Amino acid sequence: MHGELKVAPGLLIAMPQLNDPNFHRSVVLMVEHQDEGSFGLILNRPSESRVLDLLEPLDIVWRGNSCDVAWWGGPVQPETGWILHEPVPGIVGDSTREVAPGVHLSSAPDALRFLSKKPPTRIRLVLGYAGWGPEQLEGELSEGSWVNSDVTADLIFDTEPEILWEQSVRRIGVDPKSLVSASGVH
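Note that the structure is a prediction, hence the values are computed from the model and not measured. (Residues numbered from 1 in each chain as written. Predicted model: local features only at pLDDT ≥ 70, side-chain atom pairs only at ≥ 80, totals over all residues. Heavy atoms only, no water.)

## Some remarks on the confidence of the model for the chain
On average, residues of the chain score 90 in pLDDT, and 94% of them reach the 70 mark or higher. The weakest mean pLDDT in the chain belongs to helix 3 (residues 136-142) at 91; the strongest belongs to strand 5 (residues 69-72) at 97. (pLDDT = per-residue confidence, 0-100. Helix = DSSP H or I, 4+ residues; strand = E, 2+ residues; numbered from the N terminus.)

If you want it as structure tokens, here you go:
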């Protein structure tokens with residue numbers, strides 16, 4: 001693996017010098033970090049698409065709040081769906097796993113059908129993901145584009161998306177106002 005660098009499970013918090021507009025002030029739940037590459041879901045980008053409208057063409061009835069929206073998980077394969085949710089009894093199989101305490105990730109249509117019938121309080125339908133090739137994330141971390149942190153279910157599910165970045169930065173002991181873009185030699 002990668003020596004002392006423990007990225008997943010955890011959070012990646014974008015720093016101001018990260019120039020990619022896809023990740024400006026983003027907080028990413030890192031699910032996988034391996035030699036072959038890394039996989040995560042952006043947590044603070046709600047979309048305008050209602051879950052109800054997205055599931056209807058799939059003949060899946062959403063019994064949650066009709067105002068619930070899907071979240072944008074990243075620029076890779078936006079047609080793919082992931083479900084972040086609290087632990088739910090009755091979901092079995094390889095398509096659901098615990099990512100962090102109180103945070104499970106499901107990806108199969110059967111899991112989506114099961115969860116949509118009686119959605120738990122803490123649930124998010126996420127479209128697309130953030131991905132990095134071999135050694136790509138290590139390079140971005142060494143450039144200071146990201147900092148990593150631990151993850152909690154409360155932070156993911158109970159923090160408003162507009163303040164998630166600031167809350168995440170504060171959790172690592174940094175005042176968000178003190179962060180400025182930097183480049184060149186440090």
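## Re helix 5 (residues 161-171)
Every buried residue of helix 5 is listed here: Pro161, Leu164, Trp165, Ser168 and Val169. Taken down its axis, helix 5 places every buried residue within 120° of arc, on the same side. Where helix 5 is buried, its residues contact strand 1 (10-14), strand 2 (27-34), strand 4 (46-50), strand 5 and helix 4 (153-158). (Buried < 20%, exposed > 50% of the residue type's maximum accessible area, 1.4 Å probe, protein only. Arc of directions from axis to C-beta. Contact = heavy atoms within 4.5 Å.)

## Remarks on the nonpolar core
Counting 26 residues, the largest nonpolar core has Leu29, Leu41, Leu43, Leu84, Val103 and Leu105 as its most contacted members. With four residues, the top contributor of residues to this core is helix 4. Sequence-distant contacts of Leu29, defined by excluding residues within four places in its chain, comprise Gly10, Leu11, Phe39, Gly40, Leu41, Leu43, Leu84, Val99, Val103, Val151 and Ile156. Counting 13 residues, the second-largest nonpolar core is a separate cluster that includes Leu18, Ile42, Trp132 and Leu137. (Core = buried A, V, L, I, M, F, W, Y, C linked by side-chain atoms within 4.5 Å.)

## A look at the pairing of strand 5
Bridge count between strand 4 and strand 5: two bridges; the pairing is antiparallel. From the neighbouring strand, Arg50 faces strand 5, where its bridge partner is Val69. In terms of strand pairing, strand 5 meets strand 9 (residues 123-132) through two bridges, oriented parallel. Residue pairing across strands places Trp72 opposite Leu127, the latter belonging to strand 9. (Pairing = 2+ DSSP bridges.)

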